[in-house]
Amino acid sequence: MATTLSHLPKNRPDLRQHRTPGRKNPGKQAATLVALVAGALFAGLPVLWMLSSSFKTNGEMFANPPRLVTEGFNLGAYTEILTDPVKVRFFVNSYVIAFAVTGLTLLVGILAGFAFSRFDFPLKKTLNVVIVSVQAVPPITLLIPYFGLMVALKLYNTYPGLILTYMVFTIPYAIIMLTGYFNTLPRELDEAVKVDGAGPWTALWRILVPIAVPGLVSVGIYTFMIAWNEFLFALTLTRTEDMRTVPIGIQLLMGQHSYEWNQMMAMSILGCLPVLVLFLFFQRYFIGGMTAGAVKV
Amino acid sequence: MTTTRTTHRPPREDRPQAPPPAARPRWTAALLRRRATPFGYLSPTIVLMVVLMAVPIVMVISYSVMDNVITNRSPEPVGLANYGTILGDPAFWKAATNTLAFTSVSVVVHLVLGLTFAILLNTELLGKVTKAVFRVILVLPWLFTVAIIAVLWRMLLSPNGVVNAILESVGLIGGEVEWLSNPTTALAAVTFINIWAGYPFYMISLLAGLQGIPRDLYEAASIDGAGPVQRFWAITIPQLKPLIISLALLDFIWTTQQFALIWMTTGGGPIDATEVLSTFTYKLAFTRYEFAEASTAAVIILAFSMVLAYFYARSQRARD
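Residues numbered from 1 in each chain as written. Chains lettered and ligands numbered in written order. Predicted model: local features only at pLDDT ≥ 70, side-chain atom pairs only at ≥ 80, totals over all residues. Heavy atoms only, no water.

S.K.: Help me understand the overall build of chain B, please; the structure alone is not making it clear to me.
M.R.: Counting its regular elements, chain B contains 12 helices and 0 strands. Going residue by residue from the N terminus, the α and β elements of chain B occur as α-α-α-α-α-α-α-α-α-α-α-α. A buried classification covers 49% of the 320 residues belonging to chain B. Long-range pairs, those at least 24 residues apart, make up 65% of the contacts in chain B between residues at least 6 apart in sequence. (Helix = DSSP H or I, 4+ residues; strand = E, 2+ residues; numbered from the N terminus. Buried < 20%, exposed > 50% of the residue type's maximum accessible area, 1.4 Å probe, protein only. Contact = heavy atoms within 4.5 Å.)

What follows is the structure in structure tokens.
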């Protein structure tokens, strides 16, 4: 608050007095709190219920009246999943694909962002418009030709097939973000290495990339989430159980024998862990990456 | 990041990579290499975008003017006949209407909830820690993938699930309601789930927007005797307007493309109660194997998305 007040003209003490006293209206404060608690229940109760259900036995799942903690509290659903090689494989697949997509997207994005930021070349404007507008191409439009294309390229039901597919959706965002980031770094930095006779390649990897780490983290988190969460292409471009990812695994669990709700909830908890960890540890980058791209594409 | 931001840039001539200005370009090896350098950096992007974006779009358009493809070894061109079939199909229009209802209600409620929570979180009446805790809880739905959100709400909304138990205990409903498998409630139920899943994105963006509004504006308005409601309509809304327009357009584009949530909660059913354009197209292709007609629907959706993207790009340019 102090910083705000310092903007006010010093010769207007009436203004400074206006804010400070009497603003903490207890009635208003209580109303704000009540509204926030209501919102928190709306947002948090379903999540709490998912967590508690993952510790129940399947028989207690729909007990009436509903109870958050039951006698049957146990970790059975988790051990069930973590000891089943088929289900563990879903997680392995998701991690392999998400990390590969993140690494490759950053690599390709750094190269292209550098070109857009530091070079002038013919068709630059056109290419830029293309990069921005392909983001609006609906996945369902690409799905049908991808099916044939991936079979033809022998990438159907393989890791590279899904990895390349996800990169199509993550690279435009990465380029836009990293071009913007490189633009904020002064060109004098690149000049420094020229003195030693080194070219733009050295300038990029020795100077710009190390400074751009915060931007890379934001883009990396966003990319990881896109790859981790994707459903439509994972469903269509894989066929065998050993190639399925976590979102598809959750759906398969729903179709299998009678619904194993506790296992589905445990798998959901395990499935959201990486995103939750990213959020808690990199909150600023996380929010920056998720909102900046959308807000300022 | 902001500290290194600079508006100063060397004049064009000083840029190392730019071709020499006044001299007539002579196609020496050095110049050629300089010209080719940026394309070298762009080549992975260009290859990927040609093979996995341009080629598929050309493919899907060409599929749409054939009689059946993929299943048929030697498809014949049929002109725009498939477009007539799709645009004359009531099922397509039903899916389009559902998509529009699902999307517009989602966007409006996302905005209202997102703005409300953002304003509440921006309050000066509560302490920093309290606000941080509420912010994390309110952002929770955003951290779950759609597949997880779908199974979670299928469990909560199942006939003997906890939502019914609570509503029954307070007397709002009498008996078990099958929210997701009753044709009259299914669309509203999936829209509700989508609202739950999507508002935090607005909340976070608008919170950042609110924090960017200069406080002096509010000070000045207060001194002029403006109450909270007047300040909201005269300052908050006009200041956030460009951000709100971008968010709403972007959400509109995303929500019209939603597939996984519908697919995993209702599968488009019961019958066609929650069929949206993406599930309609998917079923046409992968359960009925009508790849040409599905491609036609996919091209129509693409055209529609490009119109929305054009408005989005225009709103962005207006902001700059």
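Let's pick the thread back up.
S.K.: Help me understand the overall build of chain A, please; the structure alone is not making it clear to me.
M.R.: Looking only at helices and strands, chain A features 15 helices and 0 strands. Put simply, chain A has 297 residues, and 53% of those count as buried. Contacts in chain A between residues at least 24 apart in sequence constitute 70% of all its contacts with a sequence separation of at least 6. For chain A, the exposed surface amounts to about 12800 Å²; the carbon and sulfur share of it is 68%. (Areas by Shrake-Rupley, 256 points an atom, 1.4 Å probe, with all protein chains shown as cover.)

S.K.: Just to check I follow, could you spell out the interface of chain B and chain A for this structure?
M.R.: It is common to give the size of an interface as the accessible area lost on bringing the parts into contact. Contacts between the two partners involve 102 residues from chain B, matched on the other side by 107 residues from chain A. Across the contact surface, chain B and chain A share 0 salt bridges. Remark: the boundary between chain B and chain A carries 7 residue pairs in polar contact (both at pLDDT 80 or more). Broken down by element, the residue count for the side of chain B that touches chain A peaks at 18 residues, all from helix 1 (residues 29-64) of chain B. In terms of residue class, the side of chain B that touches chain A is made up of 70 nonpolar, 20 polar and 12 charged. (Salt bridge = Lys/Arg side-chain N within 4 Å of Asp/Glu carboxyl O. Polar contact = N/O pair within 3.5 Å; in protein donor to acceptor, adjacent residues only side chain to side chain. Nonpolar A, V, L, I, M, F, W, Y, C, P; charged D, E, K, R; others polar.)

S.K.: How should I be thinking about a nonpolar patch on the surface in this particular structure?
M.R.: Residue and element names in this part refer to chain A. Side chains of Leu33, Val37, Leu41, Leu45, Leu48, Leu51, Leu68, Val69 and Phe73 sit close together on the surface and give an oily, nonpolar patch of about 760 Å² of accessible area. Of note, Leu51 is situated in helix 3 (residues 26-53). Residue classification places Leu51 among the partly exposed positions, given a relative accessible area of 37%. (Patch = residues over 30% accessible without salt bridge, like charges linked within 9 Å, V, L, I, M, F, W, Y side chains within 5 Å.)

S.K.: Just checking my understanding: could you explain the UniProt feature "transmembrane region" (unreviewed entry) in chain A for this structure?
M.R.: Residues and elements named next belong to chain A. The positions UniProt marks with the feature "transmembrane region" (unreviewed entry) are residues 30-51, 95-117, 129-153, 159-182, 203-228 and 264-282. From the first C-alpha to the last, residues 30-51 spans 30 Å; its make-up is 100% helix and 0% strand. The distance from the first to the last C-alpha atom of residues 203-228 is 33 Å, and the span holds 96% helix and 0% strand. (UniProt positions renumbered as here; feature names shortened; annotations may be inferred.)

S.K.: Sorry, what's going on with empty space enclosed by the protein here?
M.R.: A probe matching the size of a water molecule, rolled over the atoms, marks out where space remains unfilled. Applying the stated criterion across every chain yields a total of 3 cavities of 30 Å³ or more. Put simply, the largest cavity is a space of about 70 Å³. Along its surface, the largest cavity is lined by A:Trp49, A:Met61, A:Phe62, A:Ala63, A:Asn64, A:Pro66, B:Met155, B:Asn160, B:Gly161, B:Val162 and B:Ala165. Its residues assigned to classes, the lining of the largest cavity shows 8 nonpolar, 3 polar and no charged. (1 Å grid on protein atoms, 1.4 Å probe; cavity = no way out; pocket = protein on both sides within 12 Å on 5 of 7 lines; lining within 4 Å. Points joined across faces, edges and corners; volume = space filled by probe spheres on them.)

S.K.: Can you walk me through the side chain of B:Asn82 in this structure?
M.R.: Residues and elements named next belong to chain B. Looking at where Asn82 falls in the secondary structure, it is placed in helix 2 (residues 81-87). Of the polar contacts made by the side chain of Asn82, one reaches the backbone oxygen of Met66; its length is 2.7 Å. Apart from residues no more than four positions distant in its own chain, Asn82 is found in contact with Tyr63, Ser64, Val65, Met66, Ala292, Glu293 and Thr296.

S.K.: Looking at this structure, how should I read the packing of helix 7 (residues 139-152) of chain A against helix 11 (residues 277-286) of chain B?
M.R.: A packed helix pair is summarised by two numbers, namely the angle formed by the two axes and the spacing between the axes. Contact pair helix 7 of chain A / helix 11 of chain B: the axes reach a minimum separation of 10 Å and the direction vectors enclose 15°. Between helix 7 of chain A and helix 11 of chain B, the crossing angle belongs to the class labelled roughly parallel. Note that helix 7 of chain A runs across helix 11 of chain B; the crossing there is right-handed. Within the contact between the two elements, helix 7 of chain A uses A:Ile140, A:Leu143, A:Ile144 and A:Phe147 and helix 11 of chain B uses B:Ser278, B:Thr281, B:Tyr282, B:Ala285 and B:Phe286. In terms of residue class, the contact of helix 7 of chain A with helix 11 of chain B is built from 7 nonpolar, 2 polar and no charged. (Axes fitted to C-alpha atoms, helices over the stretch in contact; angles between N-to-C directions. Parallel < 35°, antiparallel > 145°, perpendicular 65-115°, else oblique. Left-handed = near helix turned anticlockwise from the far one by under 90°.)

S.K.: Explanation requested: unusual backbone geometry in the structure shown.
M.R.: Among all residues save glycine, negative phi is the norm, and among peptide bonds the norm is trans. In this model, B:Gly269 is joined to B:Pro270 through a cis peptide bond whose omega is -5°. Locating B:Pro270 in the fold gives a position in the loop between helix 10 (260-265) and helix 11. The backbone of A:Lys154 sits at a positive phi, close to 60°, despite the residue not being glycine. Its identity as a non-glycine residue notwithstanding, A:Asn157 has a phi of 65°, on the positive side. According to the relative accessible area criterion, A:Asn157 is buried, its value standing at 13%.

S.K.: Looking at this model, I keep getting lost on the packing of aromatic side chains. Mind explaining?
M.R.: Pairs of aromatic rings are described using the distance from one ring centre to the other and the angle between the two planes. The full count for this structure, using the stated rule, is 38 aromatic pairs over all chains. Here A:Tyr173 and A:Tyr222 contribute two aromatic rings whose centre-to-centre distance is 3.8 Å and whose plane-to-plane angle is 25°, an arrangement assigned as stacked. With A:Tyr173 in helix 8 (residues 159-184) and A:Tyr222 in helix 11 (residues 213-229), the pair connects residues that are 49 residues apart, well separated along the chain. Accessibility assignment for this pair places A:Tyr173 and A:Tyr222 in one class, buried. Note on B:Phe117 and B:Tyr199: the rings are 5.3 Å apart at their centroids and 55° apart in plane angle, and the pair reads as tilted. Placement of the pair is B:Phe117 in helix 3 (residues 90-121) and B:Tyr199 in helix 7 (residues 186-211), with a sequence separation of 82 residues. Grouped by ring-pair contacts, the aromatic residues A:Phe147, A:Tyr156, A:Phe231, B:Phe259, B:Trp263, B:Tyr282, B:Phe286, B:Tyr289 and B:Phe291 constitute a single cluster. (Phe/Tyr/Trp six-rings, centres within 6.5 Å; stacked < 30°, edge-to-face > 60°.)

S.K.: Honestly, the side chain of A:Ser94 in this entry has me stumped. Any pointers?
M.R.: Residue and element names in this part refer to chain A. When you line up the elements, Ser94 lands in helix 5 (residues 85-118). Engagement of the side chain of Ser94 in a polar contact is seen with the backbone nitrogen of Val246, the distance being 3.0 Å. Those residues in contact with Ser94, other than ones at most four positions away along the chain, are Trp228, Thr245, Val246 and Pro247.

S.K.: Would you explain the UniProt feature "transmembrane region" (unreviewed entry) in chain B in this entry?
M.R.: Residues and elements named next belong to chain B. Within the UniProt annotation, "transmembrane region" (unreviewed entry) is assigned to residues 41-65, 100-121, 133-153, 186-208, 243-264 and 294-313. Overall, residues 41-65 shows 96% helix and 0% strand. The separation of its end C-alpha atoms is 37 Å. Within residues 133-153, the helical portion is 71% and the strand portion 0%, while the C-alpha atoms at the span's ends are 24 Å from each other.

S.K.: Would you mind showing me how to read helix 10 (residues 200-211) of chain A here?
M.R.: Along an α-helix, residues three or four apart share an orientation, since each turn contains 3.6 residues. With 12 residues, helix 10 of chain A ought to run about 16 Å at 1.5 Å a step, and its terminal C-alpha atoms sit 15 Å apart, in line with that. Inspection of helix 10 of chain A places A:Ala203, A:Leu204, A:Ile207, A:Leu208 and A:Val209 among the buried residues, and these make up the whole buried set. (Expected span 1.5 Å × (residues − 1).)

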